[in-house]
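Working through the structure, step by step
Now for the letters of each chain:
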There are 2 protein chains.
Amino acid sequence: MNYRYSKKLDSFSSSAVREILKLTQKKSIISFAGGLPAEEHFPVAAIGEAFQRVLAAGNKALQYGLTEGYLPLRESICKWMSHKGVTVTPDDMLITTGSQQAIDLLTRIYIDPGDVILVEKPTYLSALQVFRSYGAVLVSVDADENGMVLEDLAAKLKEYRPKLVYVIPTFSNPTGKAWSMERRKGALELCRASEALILEDDPYGELKFGDSSIHYPSLFSLDQHPLGSCVVYTSTFSKTVAPALRTGWVMADPEIIRHMARAKQAADLHSSSLDQQTLHQLMEHFDLAGHIEFVRKEYEARMRQMADLLAEQEWPGVTWNEPKGGMFFWLELPESVDTAELLKTAVDLGVAFVPGVSFFADNTGKNTMRLNFTHNDFEGTVTGMKRLNEAMQTVLVK
Amino acid sequence: MNYRYSKKLDSFSSSAVREILKLTQKKSIISFAGGLPAEEHFPVAAIGEAFQRVLAAGNKALQYGLTEGYLPLRESICKWMSHKGVTVTPDDMLITTGSQQAIDLLTRIYIDPGDVILVEKPTYLSALQVFRSYGAVLVSVDADENGMVLEDLAAKLKEYRPKLVYVIPTFSNPTGKAWSMERRKGALELCRASEALILEDDPYGELKFGDSSIHYPSLFSLDQHPLGSCVVYTSTFSKTVAPALRTGWVMADPEIIRHMARAKQAADLHSSSLDQQTLHQLMEHFDLAGHIEFVRKEYEARMRQMADLLAEQEWPGVTWNEPKGGMFFWLELPESVDTAELLKTAVDLGVAFVPGVSFFADNTGKNTMRLNFTHNDFEGTVTGMKRLNEAMQTVLVK
């Protein structure tokens, strides 16, 4: 049988890198590649108790649920977000299968083939994949240590009249950077003036390192505009509780939420309501804030360890900055190095990372790489860095 | 802010009917509308035990999983399907967020705007919604008691050269019909000859009533062709275990599965792996076949009760057939009656159904309705039918 696929099919095609990374599932390989939280810190007992509470509440817990999501969970999340300066009601909100689905659903209702989306340079690779699958034209905006460069944003808003601007302003994937307040307010103002909707992806906002007196308010909390918000905000429980529950949420103007809910109804009717109810019980009966603080500290210690190990290396021409939060180090190697090639050597030596090129909409950054520091324990990280050093020695000129 | 939505937006728009049906969430209304299983028969204790087994296996259970789905669950489903004449491996299969997502993902990789999809007349309304959202042109094929009319299918395959033919051959939603063997084999042959891919939606296949010696093999099991299957098969645990776990699966040629997995990666990375692992434990340690047989008998008794109640009514010009399985009765009223109008009266009187027009791609069937018989208990059904009779009396001419 000759299958007659959609013309869109190529936009979903797998990359060579992904094929190599499949190899990293072998136990012998230490992976700095995935964006995996530390398994040993999952609140397993609390999840077990929360689940028993859900089942004890009766058989109705196992029936079909609302597309918009389990109402008590939405209420708990609203309460949670109110401590972060966000005033929303459950009507301004949709529960999704991870924040990945929020990105997908918004693109689905908002983007036509040929529409321009502005993205950070670099940015989350799976968002790029979604945008491309809907035929969007991706344009990168320059970024520095403080976030998107406002002059470049202004110029590109003017030139391309984009419908959407996708950003991870707080502890970016892949760079671990946090935007300054000036950039946050400036970007908001520029996007509102040019009627470009901002999609703010915030999976890492709870994982802040360093000076605890510094706060990074979300663009969404800074916006809260009476004439309709220009920010769609998404976050997830994947990094703070556990990824297996696949539960994220998206907050926006209720009109946008209503349209996204209809798209979700077509996509999967609703997300697992067992997981949603379990998370609701967890939020009500477990010290989630305390748990997050515990995980945050652990991750900061792991970040410190990797920073120290990186500082010990003698890698001429390789630079990085200490992440302000999140889960990743971002390395720039000399221009001559292709990290996708280097990955093959590294995997042979028993260590993996993600070549940076996948995070660039414009296919640049071939000399960059992303290292995850949250998943491996101290010992694993030491061994992994030794192996990475061996791989580095094959490409770096002394 | 002026939101600049996608041109596709209208395809997701809510219907007047859906708005009315929201009212049926009130406790005072007896609903024959939803496709809800009976809550009192959910295997709550077994699900609780299965979940504890998952957590006992260690923290890794809560980590990110594979997009394709939890491998042991895929293996268990393959074993399960082998008793139904289907020989597949986990590579021929993808776990989805309900079978709704399987419909969505296949459409996403297979259909371009303007492509024709043939559908039964009538058929599952949420599949129509998905197809429309991707810009497909829907063409209805005539159906009678034995399934799609082969002459009409042949004519429409020739006229439209459709890429896809969507069918629910075993206990259809909304009609409860089962295709004869002749129609199954005939449709397969015609579709293969014209290179039209068949999407076989089979959520109800386990819920068979009447003569237990009659079997309805899936089109997928009849196909199993060495040169690539022409059938994509999807089913779900929603009707046999519980909907809250939102776990379905899709089986097809591994090339199609590979493409669907890439689309799923963009859509939501993977479905809840907690639910998947729980279902795997359930399949290994619980008598699922025995449970399904218990539910099946219960549903057959409820179907019988509603058949008897319908037979008692004096409704001139109203016809129906006994469902061969599944969850629904399908009623045809006199041509003069608009059931969408009748629904308003019915809801005022405290009972709800789904007007049939939503199940027709060609917007016909305004005088039809779907009644669910699985969700209400005996007493509820008696009361609901009394109220429905009151509503009927307002439109039926004596």
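This is a predicted model, so every value here is computed, not measured. (Residues numbered from 1 in each chain as written. Chains lettered and ligands numbered in written order. Predicted model: local features only at pLDDT ≥ 70, side-chain atom pairs only at ≥ 80, totals over all residues. Heavy atoms only, no water.)

**Quick word on the overall build of chain A**
When its secondary structure is counted, chain A shows 13 helices and 15 strands. When the backbone C-alpha atoms are referred to their principal axes, chain A occupies close to 65 × 60 × 55 Å. Within the span of chain A, comprising 398 residues, buried residues form 63% of the whole. Here the analysis covers contacts within chain A between residues at least 6 apart in sequence; of these, 75% occur between residues at least 24 apart. A total accessible area of about 14,500 Å² is found for chain A, and carbon and sulfur atoms account for 52% of it. Computing the positive centroid from 41 side-chain charges and the negative centroid from 50, chain A places the two 4 Å apart. (Helix = DSSP H or I, 4+ residues; strand = E, 2+ residues; numbered from the N terminus. Buried < 20%, exposed > 50% of the residue type's maximum accessible area, 1.4 Å probe, protein only. Contact = heavy atoms within 4.5 Å. Areas by Shrake-Rupley, 256 points an atom, 1.4 Å probe, with all protein chains shown as cover. Lys, Arg positive; Asp, Glu negative; His and termini not counted. Charge placed at Lys NZ, Arg CZ, Asp CG, Glu CD.)

**Digging into the relation of the copies chain B and chain A**
Expressed as a screw transformation, the operator carrying chain B onto chain A has a rotation angle of 180 degrees and an axial translation of 0.0 Å, and the superposed copies differ by an RMSD of 0.0 Å. The transformation relating the two chain copies, once decomposed into turn and shift, fits a two-fold axis. Taking the C-alpha atom as reference, chain B places B:S272 closest to the rotation axis, 3.4 Å from it. Here 100% of the interface residues in chain B have copies in chain A that are interface residues too; the copies meet face to matching face. (Least-squares fit on C-alpha atoms with pLDDT ≥ 70 in both.)

**With respect to the interface of chain B and chain A**
With 86 residues of chain B in contact, the opposing surface of chain A contributes 86 residues. Both sides of the chain B and chain A interface together cover about 7,500 Å² of buried area, and 54% of this is carbon and sulfur. Counting the contacts that link chain B with chain A gives six salt bridges. Taking the shortest distance from any N to any O, the salt bridge between B:E39 and A:K60 comes out at 3.8 Å. Of all the secondary structure elements, the ones that give two or more residues to the side of chain B that touches chain A are α2 (44-56), α4 (98-110), α5 (125-133), α9 (254-268) and α10 (273-285) of chain B. Element by element, the count of residues in the side of chain B that touches chain A is highest for α9(B), at nine residues. For the side of chain B that touches chain A, the residue count by class is 37 nonpolar, 28 polar and 21 charged. (Buried area = accessible area lost by both parts, 1.4 Å probe. Salt bridge = Lys/Arg side-chain N within 4 Å of Asp/Glu carboxyl O. Nonpolar A, V, L, I, M, F, W, Y, C, P; charged D, E, K, R; others polar.)

**Overview of the UniProt feature "domain: Aminotransferase class I/classII large" (unreviewed entry) in chain A**
Under the UniProt annotation, the feature "domain: Aminotransferase class I/classII large" (unreviewed entry) is placed at residues 38-376 of chain A. This span, residues 38-376 of chain A, is 41% helix and 16% strand, and a straight line between its end C-alpha atoms measures 7 Å. (UniProt positions renumbered as here; feature names shortened; annotations may be inferred.)

**Thoughts on the pairing of strand β8 (residues 197-201) of chain A**
Residues and elements named next belong to chain A. The buried fraction of β8 amounts to five of the five residues, a majority that puts the element mostly inside the structure. By the alternation rule, side chains of β8 split into L197, L199 and D201 and I198 and E200, which are all buried. Between the parallel pair strand β7 (residues 164-167) and β8, the chain is carried across by helix α7 (residues 181-193), and the sense of this crossover is right-handed. Relative to strand β9 (residues 231-236), β8 is paired through four bridges, and the arrangement is parallel. If you follow I198 over to β9, its bridge partner there is V231. (Right-handed = clockwise from strand over helix to strand, strands pointing away. Pairing = 2+ DSSP bridges.)

**Side note on the pattern of salt bridges**
All names here are of chain A. What the rule picks out here adds up to 34 salt bridges over all chains. Where K79 meets E284, a salt bridge forms, and the shortest distance between an N and an O atom there is 3.8 Å. Taken together, the residues span a long stretch of sequence, with K79 in helix α3 (residues 71-82) and E284 in helix α10 (residues 273-285) at a distance of 205 residues. Assessed through its relative accessible area of 37%, E284 is described here as partly exposed.

**Brief notes about the sheet that holds strand β15 (residues 368-372) of chain B**
Residues and elements named next belong to chain B. Across the sheet, four strands lie side by side as β11-β12-β15-β14; this open sheet has antiparallel pairing. Since the sheet does not close on itself, it has two edges, and those belong to β11 (319-320) and β14 (354-355), each with one partner. Where β11 meets strand β12 (residues 328-332), two bridges bridge the pair, whose relative direction is antiparallel. The residue of β12 that forms the bridge with T319 is E332.

**Considerations on the sheet that holds strand β4 (residues 137-141) of chain B**
All names here are of chain B. Spatial strand order, β2-β10-β9-β8-β7-β3-β4: seven strands in an open sheet with mixed pairing. Each edge of the sheet is formed by a strand with only one pairing partner; in this case those strands are β2 (93-96) and β4. Averaged over all adjacent pairs, the angle separating strand axes in this sheet is 20 degrees, with direction ignored. Here strand β7 (residues 164-167) pairs with strand β8 (residues 197-201) via four bridges, running parallel. Bridged to V167 within β8 is E200. (Axes fitted to C-alpha atoms, helices over the stretch in contact; angles between N-to-C directions.)

**Focus: the packing of aromatic side chains**
Each aromatic ring pair is described using two quantities: the centre-to-centre distance and the angle formed by the ring planes. A complete count under the given rule lists 23 aromatic pairs over all chains for this structure. When the ring of A:Y204 is compared with that of A:F328, the centres are 5.9 Å apart and the planes differ by 85 degrees; the resulting orientation is edge-to-face. Of this pair, A:Y204 sits in the loop between β8 and α8 (219-223) while A:F328 sits in strand β12 (residues 328-332), and the two are 124 residues apart along the sequence. Both residues of the pair, A:Y204 and A:F328, belong to the buried class. An aromatic cluster is present here, built from A:Y3, A:Y5 and B:Y110 joined pairwise through their rings. (Phe/Tyr/Trp six-rings, centres within 6.5 Å; stacked < 30°, edge-to-face > 60°.)

**Re the packing of helix α11 (residues 288-312) of chain B against helix α13 (residues 378-393) of chain B**
All names here are of chain B. Viewed as axis vectors pointing N to C, α11 and α13 meet at an angle of 25 degrees, and their least axial separation amounts to 11 Å. When the interaxial angle is binned, α11 and α13 end up roughly parallel. Crossing angle aside, the handedness with which α11 passes α13 is right-handed. In this structure, α11 contributes A301, R302, Q305, M306, L309 and L310 to the contact, and α13 contributes F378, T381, V382 and M385. Of the residues in the contact of α11 with α13, the class split is seven nonpolar, two polar and one charged. (Parallel < 35°, antiparallel > 145°, perpendicular 65-115°, else oblique. Left-handed = near helix turned anticlockwise from the far one by under 90°.)

**Description of the domain arrangement of chain A**
Residues and elements named next belong to chain A. For chain A, the domain assignment lists domain 1 (11-42 + 290-393) and domain 2 (44-285). A straight line from the C-alpha centre of domain 1 to that of domain 2 covers 25 Å. Listed as interface residues are 31 residues of domain 1 and, on the opposing side, 35 residues of domain 2. Both faces combined, the contact of domain 1 with domain 2 buries some 2,900 Å², and carbon together with sulfur accounts for 62% of it. Scanning the region where domain 1 abuts domain 2 turns up one salt bridge. (Domains from an automatic or database assignment.)

**A short note on the side chain of A:S126**
Among the structural elements, A:S126 can be located in helix α5 (residues 125-133). Look at A:S126 and you get buried, because its relative accessible area is 8%. Excluding its chain neighbours within four sequence positions, the residues that come into contact with A:S126 are A:Q100 and B:L269.

**Some thoughts on the nonpolar core**
Counting 106 residues, the largest nonpolar core has A:L62, A:I77, A:M251, B:L62, B:I77 and B:M251 as the members making the most contacts within it. Judged by nonpolar contacts, the second largest core, of 78 residues, contains A:L199, B:Y5, B:L197 and B:I256. (Core = buried A, V, L, I, M, F, W, Y, C linked by side-chain atoms within 4.5 Å.)

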